[in-house]
Amino acid sequence: MSQPRRGQGPMLSFTKMHGLGNDFMVVDAISQPFRLRPDMIRELADRHFGIGFDQLLVVEPPGLPDVDFRYRIFNSDGSEVEQCGNGARCFARFVRDQRLTNKKVIRVQTAKGVIELRVGRGGMVTVDMGVPELNPPAIPFAADRRKDVYTVEVGDETVELSAISMGNPHGVLVVDDVDAAPVGELGPRLESHPRFPARANIGFLQIIDRSHARLRVFERGSGETMACGSGACAAVVAGCLRGLLDSRVDVELKGGHLVIEWQGEGAPVMMEGPTASVFEGQLRLPGDQSPRRRKSTRQGDTRPGHNRQQNRHRQPATSKP
Ligand SMILES: N[C@H](CCC[C@H](N)C(=O)O)C(=O)O
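Naming follows an unreviewed UniProt entry, where the protein chain appears as Diaminopimelate epimerase of Marinobacter azerbaijanicus. Regarding the protein chain, the relevant UniProt record gives this comment under Pathway (unreviewed entry): "Amino-acid biosynthesis; L-lysine biosynthesis via DAP pathway; DL-2,6-diaminopimelate from LL-2,6-diaminopimelate: step 1/1." The heading Sequence similarities (unreviewed entry) in the UniProt record of the protein chain holds the text "Belongs to the diaminopimelate epimerase family."

Formed by 54 residues in total, the largest nonpolar core has its most connected members in Tyr71, Leu117 and Ile260. Here the element with the most residues in this core is helix H4 (residues 229–241); it accounts for 9 residues. Setting aside residues up to four positions removed in sequence, Leu117 forms contacts with Ala88, Phe91, Ala92, Lys104, Val105, Ile106, Val108, Val125, Thr126 and Val127. Counting 20 residues, the second largest nonpolar core, distinct from the first, contains Val159, Ala163, Leu173 and Phe196.

Okay, the pairing of strand E11 (residues 157–165) next. For strand E10 (residues 150–154) and E11, the ladder comprises 5 bridges, and the chain directions are antiparallel. The residue of E11 that forms the bridge with Val154 is Glu157. Connecting E10 to the next strand, E11, in antiparallel fashion are 2 residues, including Gly155 with a positive phi near 60°. Sheet analysis places E11 next to strand E12 (residues 169–174), joined by 4 bridges and oriented antiparallel. Bridging from a neighbouring strand, Ile164 pairs with His170 of E12.

What follows deals with the pattern of salt bridges. A full pass over the atoms with the stated rule returns 24 salt bridges. The residue Asp39 makes a salt bridge to Arg37 at a minimum N-O spacing of 2.9 Å. One exposure class covers both Asp39 and Arg37, and it is buried. Here Glu261 makes a salt bridge to Arg248, at a shortest N to O gap of 2.7 Å. With Glu261 in strand E17 (residues 256–262) and Arg248 in strand E16 (residues 248–253), this pair connects stretches of sequence that are 13 residues apart. The class of Arg248 is partly exposed, set by a relative accessible area of 46%. A single network of salt bridges, built from pairs that share partners, joins Lys16, Asp23, Arg47 and Asp54.

Here we take up the UniProt feature "site: Important for dimerization" (unreviewed entry) in the protein chain. According to UniProt, the "site: Important for dimerization" (unreviewed entry) feature falls on Phe279. Mapping Phe279 onto the fold places it in strand E19 (residues 276–284). Of the residues examined, Phe279 reaches a relative accessible area of 39% and is grouped as partly exposed. Here Phe279 is in contact with Phe14, Thr15 and Lys16, once residues within four sequence places are set aside.

Moving on to the packing of aromatic side chains. Applying the stated criterion across every chain yields a total of 5 aromatic pairs. Judged by centre distance (6.0 Å) and plane angle (70°), the ring pair of Phe69 and Phe91 falls under edge-to-face. Of this pair, Phe69 sits in strand E5 (residues 69–75) while Phe91 sits in helix H2 (residues 85–97), placing them 22 residues apart in sequence. Overall, the relative accessible area of 0% leaves Phe91 in the buried class. Each residue in the set Phe69, Tyr71 and Phe91 is aromatic and connected to the rest through ring pairs, giving one cluster.

Each value, and the rule that gives it
- Residues numbered from 1 in each chain as written.
- Predicted model: local features only at pLDDT ≥ 70, side-chain atom pairs only at ≥ 80, totals over all residues.
- Heavy atoms only, no water.
- UniProt positions renumbered as here; feature names shortened; annotations may be inferred.
- Core = buried A, V, L, I, M, F, W, Y, C linked by side-chain atoms within 4.5 Å.
- Buried < 20%, exposed > 50% of the residue type's maximum accessible area, 1.4 Å probe, protein only.
- Helix = DSSP H or I, 4+ residues; strand = E, 2+ residues; numbered from the N terminus.
- Contact = heavy atoms within 4.5 Å.
- Pairing = 2+ DSSP bridges.
- Salt bridge = Lys/Arg side-chain N within 4 Å of Asp/Glu carboxyl O.
- Phe/Tyr/Trp six-rings, centres within 6.5 Å; stacked < 30°, edge-to-face > 60°.

Below is the structure:
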């Protein structure tokens with residue numbers, strides 16, 4: 001890991017937050033200029049040489065008439081993605097803490113649509129995560145037709161998983177014991193499996209009873225996290241599709257509990273959980289904000305989830321000045 005370049009650019013204010021230990025650097029890009037290339041995001045995400053976070057969340061002015069903010073999400077590998085459930089709850093708390101709004105029902109535009117955040121008491125936030133997408137091409141997942149459970153070859157193994165999009169792609173396996181689940185071995189192999197052309201978040205779901213479950217998630221672009229909000233939503237959808245869960249489920253993750261509700265196909269998934277604001281900080285951005293010339297001229301796909309390490313030529317994560 002190269003040492004972070006000494007900053008010569010402007011100071012950037014940020015807030016460190018988390019939802020059940022899924023942690024975020026949150027930036028108000030409305031009140032301050034903000035440009036970060038994927039390589040800079042990776043440096044800041046590093047838990048030894050940088051700030052350390054699973055995702056960077058960016059608050060931008062709305063791009064649609066009936067929306068309060070635009071919500072951009074970057075994984076620790078620098079890839080920009082479509083959804084972050086734990087991040088959405090922290091986003092709602094952040095924009096109120098920073099006095100960017102005093103609304104208690106906040107509509108935000110993500111890369112894949114509009115979600116609604118409802119601020120409750122004591123840092124609790126409920127998010128309408130939208131209607132889950134089950135049609136393979138829209139997930140995206142390679143399959144000749146839609147099924148509740150797919151059989152996927154992984155090396156010389158065969159696994160059964162559900163494929164669901166919550167705006168971002170998820171694969172969900174049902175296991176007997178999450179503590180014994182091969183998250184570290186199978187997670188990365190499925191995250192980058194060819195049947196998930198935009199990669200995927202991989203959930204390992206243990207059913208306790210019809211209204212209680214345990215879950216671990218190997219996240220796309222960040223590895224295993226303490227919690228994954230969109231992953232909990234996808235897991236409950238998978239459990240319901242398999243006839244294993246009822247419509248309201250307490251999901252226990254490593255970092256704590258989320259309550260997920262889904263009334264069935266065509267209905268949105270509702271997620272309720274806590275938020276925490278840990279500290280505020282400032283950093284001096286590197287002065288060199290122009291896109292860096294790289295030896296490899298490989299042009300990567302700039303769609304969410306496609307920005308892998310070797311693709312350095314994405315447009316920097318910028319907000320309109
Ligand atoms: N790694 C995810 C984004 C963050 C999702 C997670 N932190 C959540 O709470 O939903 C992806 O690449 O789609």
